[in-house]
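Survey of secondary and tertiary structure
Okay, here's what each chain looks like letter by letter:
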Amino acid sequence: MTALHIFDMDGTLLRGTTAATEISRRVGGLEALADLERGFAAQEITAAEFAVATHTLWGEVTGELVAEVVAAAPWIEGIEEVCRDIAARGEHSMLITMSPDFFAGHLLERGIEVVRASAWPPVPFAAPIDPAGILNPADKVRLAADELAARGLPRSACVAYGDSMSDGPLFAFLENTVAVNADVALERSARVAYRGGDLREAYARGRVLLDAARGRGSSAPGGATAPVRGPFVGVSAVVVRDGRVLFGRRLGSLGRGTWGFPGGKVDAGEDPARAVRRELLEETGLAARALEAIGWTSDVIPSSGEHFITLHHLVSATGDPAVLERDKVESWRWFAWDALPDPVFAPAASLIATGWRPA
Ligand SMILES: [Mg+2]
């Protein structure tokens, strides 16, 4: 199934600033704009009132000036690469912003497939602004829902990337959400968070959420749904050393070709912590020194239809891992949490999607 990636612009693709700020920085009236921004953030004025007021500040704006402002603005790194990857997978990219269309439209040149923005009169302004064309936070939900419906996609096939409470309604509507350099309130309502200057890293987190959602859907080839069996109780050993985590490339029928943590099923009557130590030793030869429960995830493994409740454990162990069960794991490798292997075994993907990360 294809997917839809929805990006916010101000604060998300534009790092630490907004289109309005960048325009006013150029044409003047930055202080008046800052007052308007504060008023909007405090919900004292609406998005339409904000737009009408900025329209009067921007009498000198031309298309050439906008192009220059766009070129000089502090964009997050990797926008083109992310858009290319989305398109190469047959997926779709969309920008939804409350900012003016004459500014946001430039993102089409950088690879965004669909841009939805507030409808302003053409620059230089000869016409007044029509408040009806100005988007508000609830419109983001409507436009996302329309785009999903037009493409026949469920909400689970959509990821949104945003930074502020104007993305709040959209984040409440969708299950896959990535907070990018976001304010605390939005970060709390997001599935995962990213802080930094590279959209590729935020997008990688979005992909993990999509993969986990696909795993939960457990669609077999041909569209038939595999019968789900279980639930089974599993354990994982998240072995962390020098900031890197141990993953093995799986060979068995369960998640073949994916990268997962050491682990396996809990035996009848077995304490889960003991199962972690046993599985780690059987598979890698490593003896766990300390164990700490992280949390659990619930996953239907797409390839087999088996439903696993996995109890994840943070483990410290010394020595080098060996491939002791050659029919189960091809090799063990250490990966930085910010450069994870692809694809990741569903229970590991779900743990990553919770936002947990090694200290
Ligand atoms: Mg924003």
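Definitions and cut-offs
- Residues numbered from 1 in each chain as written.
- Predicted model: local features only at pLDDT ≥ 70, side-chain atom pairs only at ≥ 80, totals over all residues.
- Heavy atoms only, no water.
- Helix = DSSP H or I, 4+ residues; strand = E, 2+ residues; numbered from the N terminus.
- Expected span 1.5 Å × (residues − 1).
- Buried < 20%, exposed > 50% of the residue type's maximum accessible area, 1.4 Å probe, protein only.
- Polar contact = N/O pair within 3.5 Å; in protein donor to acceptor, adjacent residues only side chain to side chain.
- Donors = N, O, S within 2.8 Å, 3.2 Å for Na, K, Ca; no water.
- Lys, Arg positive; Asp, Glu negative; His and termini not counted.
- Salt bridge = Lys/Arg side-chain N within 4 Å of Asp/Glu carboxyl O.
- Contact = heavy atoms within 4.5 Å.
- Core = buried A, V, L, I, M, F, W, Y, C linked by side-chain atoms within 4.5 Å.
- Domains from an automatic or database assignment.
- Axes fitted to C-alpha atoms, helices over the stretch in contact; angles between N-to-C directions.
- Parallel < 35°, antiparallel > 145°, perpendicular 65-115°, else oblique.
- Nonpolar A, V, L, I, M, F, W, Y, C, P; charged D, E, K, R; others polar.

1. Notes on helix H11 (residues 272-284)
Between its terminal C-alpha atoms H11 stretches 18 Å, which fits the 18 Å expected from 13 residues at 1.5 Å a residue. Among all positions of H11, only Ala275, Val276, Arg278, Glu279, Leu280, Glu283 and Thr284 are buried. Regarding H11, its N-cap is aspartate 271, as a side-chain oxygen of that residue lies 3.0 Å from the backbone nitrogen of alanine 273 further along. A positive backbone phi angle near 80 degrees is found at glycine 285, which sits one or two residues after H11.

2. Quick look at the coordination of the magnesium ion
Only Asp8 (OD), Asp10 (O) and Asp163 (OD) from the protein reach the magnesium ion as donors, at distances of 2.0 to 2.1 Å. The sequence pattern describing where the donors of the magnesium ion fall on their chain is D-x1-D-x152-D. For aspartate 8, a relative accessible area of 5% translates into the label buried. Given a relative accessible area of 17%, aspartate 10 falls into the buried group.

3. Some words on the side chain of glutamate 283
Its place among the elements puts glutamate 283 in helix H11. Buried within the structure, glutamate 283 lacks any salt-bridge partner; its nearest side chain of opposite charge belongs to lysine 328, at an N-O separation of 4.8 Å. Ignoring sequence-local partners within four residues, the contact set of glutamate 283 consists of Pro262, Gly263, Ala322, Val323, Leu324, Glu325 and Trp332.

4. A look at the nonpolar core
Among the nonpolar cores identified, the biggest contains 89 residues, and Leu13, Trp75 and Phe103 are the most heavily contacted of them. The biggest single contributor to this core is helix H10 (residues 199-217), with six residues. Counting contributing residues, this core receives three or more from each of domain 1 (4-214) and domain 2 (226-353). Apart from the residues lying within four places of it in its own chain, the contact partners of phenylalanine 103 are Met9, Leu14, Ala19, Ile23, Val66, Val69, Val70 and Trp75. If you look at the next biggest cluster of nonpolar residues, it comprises 15 residues, including Leu246, Leu280, Leu286 and Trp334.

5. Notes on the packing of helix H2 (residues 30-41) against helix H3 (residues 47-57)
Close contact between H2 and H3 brings their axes to 10 Å; oriented N to C, the two are set at 175 degrees. Considering their axes alone, H2 and H3 lie roughly antiparallel with respect to each other. Where H2 approaches H3, its residues Ala32, Leu33, Leu36, Glu37 and Phe40 are matched on the opposing element by Ala47, Phe50, Ala53, Thr54 and Leu57. Grouping the constituent residues of the contact of H2 with H3 by class yields eight nonpolar, one polar and one charged.

6. Comments concerning the pattern of salt bridges
Under the criterion given, the structure shown has 26 salt bridges. The shortest N-O distance in the salt bridge between arginine 214 and glutamate 91 comes to 3.3 Å. Here arginine 214 is found in helix H10, whereas its partner glutamate 91 is found in the loop between helix H5 (79-88) and strand E2 (92-100), with 123 residues between them in sequence. Residue class for arginine 214 comes out partly exposed when judged on its relative accessible area of 32%. The exposure class assigned to glutamate 91 is buried, which follows from its relative accessible area of 5%.

7. Digging into the domain arrangement of the chain
Splitting the chain by domain gives domain 1 (4-214) and domain 2 (226-353). Each of domain 1 and domain 2 has a C-alpha centre, and these two points are 38 Å apart. Every contact between the two is made by eight residues of domain 1 and, on the other side, six residues of domain 2. Taken together, the links from domain 1 to domain 2 amount to one salt bridge. Note that arginine 205 is salt-bridged to aspartate 338, the shortest N-O span being 3.1 Å. Counting across the interface, domain 1 meets domain 2 through one residue pair in polar contact (both at pLDDT 80 or more). Looking at the side of domain 1 that touches domain 2 element by element, the count peaks at five residues for H10.

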